[in-house]
Amino acid sequence: MNKNPLPNLALITPYPQLGEIVAEQCTGIFNCHVYHGSLEKAASIARNLDTEYYDVILSRGGTAEYIEKSTQIPVVKILTSTADLLKSLIPLKNYPQHIAFFNYQTYLTDVLLIAQALNITIDEFVFLSHADMTEKLEQCRRRRYATVTGGFPVTDSARQYAMQGILIENGVESVNSALREALAIVETTKRKAQDTARLEIILSSITEGIIVTNENNEIQVFNRSAEKIFGLSGTQVIGKPVDSIIKNTRINQVLLTAAPEIRELQELDSTYIITSRVPIFMGKRCIGVVCSFTDTPQIEKVERILRGKLKKKGFNARYTFDHIFTANGEMQAIKKLAQIYARTDSPVMIYGESGTGKELFAQSIHNHSLRSRGPFVAINCAAIPESLLESE
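Here is a short report on the structure shown in this document. (Residues numbered from 1 in each chain as written. Predicted model: local features only at pLDDT ≥ 70, side-chain atom pairs only at ≥ 80, totals over all residues. Heavy atoms only, no water.)

## Observations regarding the pattern of salt bridges
Consideration 1: Inspection of every chain in the model, using the stated rule, returns nine salt bridges.
Consideration 2: Taking the shortest distance from any N to any O, the salt bridge between Glu65 and Lys77 comes out at 3.0 Å. On the criterion of sequence distance, the pair formed by Glu65 in helix H3 (residues 61–68) and Lys77 in strand S4 (residues 75–78) is long-range, its members being twelve residues apart.
Consideration 3: Between Glu138 and Arg142 there is a salt bridge whose closest N-O contact spans 3.6 Å. With Glu138 and Arg142 both in helix H6 (residues 130–142) and four residues apart, the pair spans about one turn of that helix.
Consideration 4: On the accessibility criterion, Glu138 (22% relative accessible area) is partly exposed.
Consideration 5: According to the relative accessible area criterion, Arg142 is exposed, its value standing at 53%. (Salt bridge = Lys/Arg side-chain N within 4 Å of Asp/Glu carboxyl O. Helix = DSSP H or I, 4+ residues; strand = E, 2+ residues; numbered from the N terminus. Buried < 20%, exposed > 50% of the residue type's maximum accessible area, 1.4 Å probe, protein only.)

Written as structure tokens, this is what we have:
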């Protein structure tokens, strides 16, 4: 049995040591490809990655934010943990001056505990952008900080302000946490892709036209049969209001009333289609409508196939007018009249006493009519309730 291939992960890291840790932890989980860069350079690398090949991108801090804006590939951040900060600051135990700790977007928990454990003072600076980082570094320079710790862009820039930069490196725990998240995203994306593929196959194999709209009355699904019925491609209509695409539609009314409409006749240009409109609910709220359409030619085709099968099963008329022999003048006149009626599309009522040949005439009329190639189904009206017979 062939094993499923490992998903492909691209690590974009600002420093080489992280690449070594990630590559080692990816063994047996991901095919890991390591690229080096931060911020804009990392974003440029991400833009050039093959979206069909890579399943997920791994990076850290603000660099991951830059990458997310540059690619459609899912991006997972390696978050700085308390343990990462502790390991980086152990060499500064009992350091007499204030240390500026830069973290991206959020404050890190237990910073005070680390400061107490190492007998140092840590001032945390949260920045939201590269410009914000630069402004806060300038503040640190003016306040005469000698040491700054954080990610690679922070420590690299700190040196330009004549401050010592201590890089916080991600440890195995942080990397494994990010890899678990990346694997969950890949598996979810894979399941979603499989479900989408199955749904597309199902919708494309259905002979009925299927249209699905959302709560804004915009078309979300437009299958191949719908394309044939309405003479439009899915790419032309997806995302557009259904009222602007289909004339005489009542989809918007079904969305408003949340009441289904089943097998309604709808006029479409010079023909008619049979349509059903069913509201889609999420809890008690109507969030869209699913519609099925069957055009007249399709109905006629199914009817012809059904008639052919019925005829093969023995639902056929055996007698013709040639089987009716009579010397009675009135009967001969009835026979000629029946031959004339057989060529019309109007219903023909035959009545008479039992044993007078009503079914013989019925079969003869059928075989003499334009429907002679279809099945002949005899019904015993005496077995049908009077109310039901009247409705027919």
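So, next bit.
## Topic: the sheet that holds strand S2 (residues 31–36)
Consideration 1: Strands sit in the order S2-S1-S3-S4 across an open sheet of four strands; the sheet is parallel. Edge strands, defined here as strands with exactly one partner in the open sheet, are S2 and S4. The sheet shows a mean angle of 25 degrees between the axes of neighbouring strands, taken without regard to direction.
Consideration 2: Note that strand S1 (residues 8–13) and strand S3 (residues 56–60) share three bridges and pair parallel. Bridge pairing in S3 places Leu11 opposite Leu58. (Pairing = 2+ DSSP bridges. Axes fitted to C-alpha atoms, helices over the stretch in contact; angles between N-to-C directions.)

## So, the environment of Met133
Consideration 1: Inspection of the secondary structure puts Met133 in helix H6.
Consideration 2: Under the relative-accessibility criterion, Met133 is labelled buried at 1%.
Consideration 3: Each residue touching Met133, except ones within four places of it in the same chain, is listed here: Phe102, Phe127, Pro153, Val154 and Ser157. (Contact = heavy atoms within 4.5 Å.)

## Things to note about the packing of aromatic side chains
Each pair of aromatic rings is reported with the distance of its centres and the angle of its planes.
Consideration 1: This structure, assessed with the given rule, holds nine aromatic pairs.
Consideration 2: Linked through ring pairs, Phe102, Tyr104, Phe125, Phe127 and Tyr145 together constitute an aromatic cluster. (Phe/Tyr/Trp six-rings, centres within 6.5 Å; stacked < 30°, edge-to-face > 60°.)

## Remarks on the pairing of S2
Consideration 1: Direction of pairing for S1 relative to S2: parallel, over a ladder of six bridges. Counterpart to Asn8 in the pairing with S2 is Asn31.
Consideration 2: Of the crossover connections in this fold, the one passing from S1 over helix H1 (residues 16–25) to the parallel S2 is right-handed. (Right-handed = clockwise from strand over helix to strand, strands pointing away.)

## A word on helix H5 (residues 111–118)
Consideration 1: All of the buried residues in H5 are Val111, Ile114, Ala115 and Leu118. Down the axis, H5 shows its buried residues gathered within 100 degrees of arc, on one side only. Projecting away from the buried face of H5 at angles above 90 degrees are the exposed residues Leu112, Leu113, Gln116 and Ala117.
Consideration 2: Elements that come into contact with the buried residues of H5 comprise helix H4 (82–89), strand S5 (98–104) and strand S6 (121–127).
Consideration 3: Once H5 finishes, Asn119 follows within two positions and takes phi at roughly 55 degrees, a positive value. (Arc of directions from axis to C-beta.)

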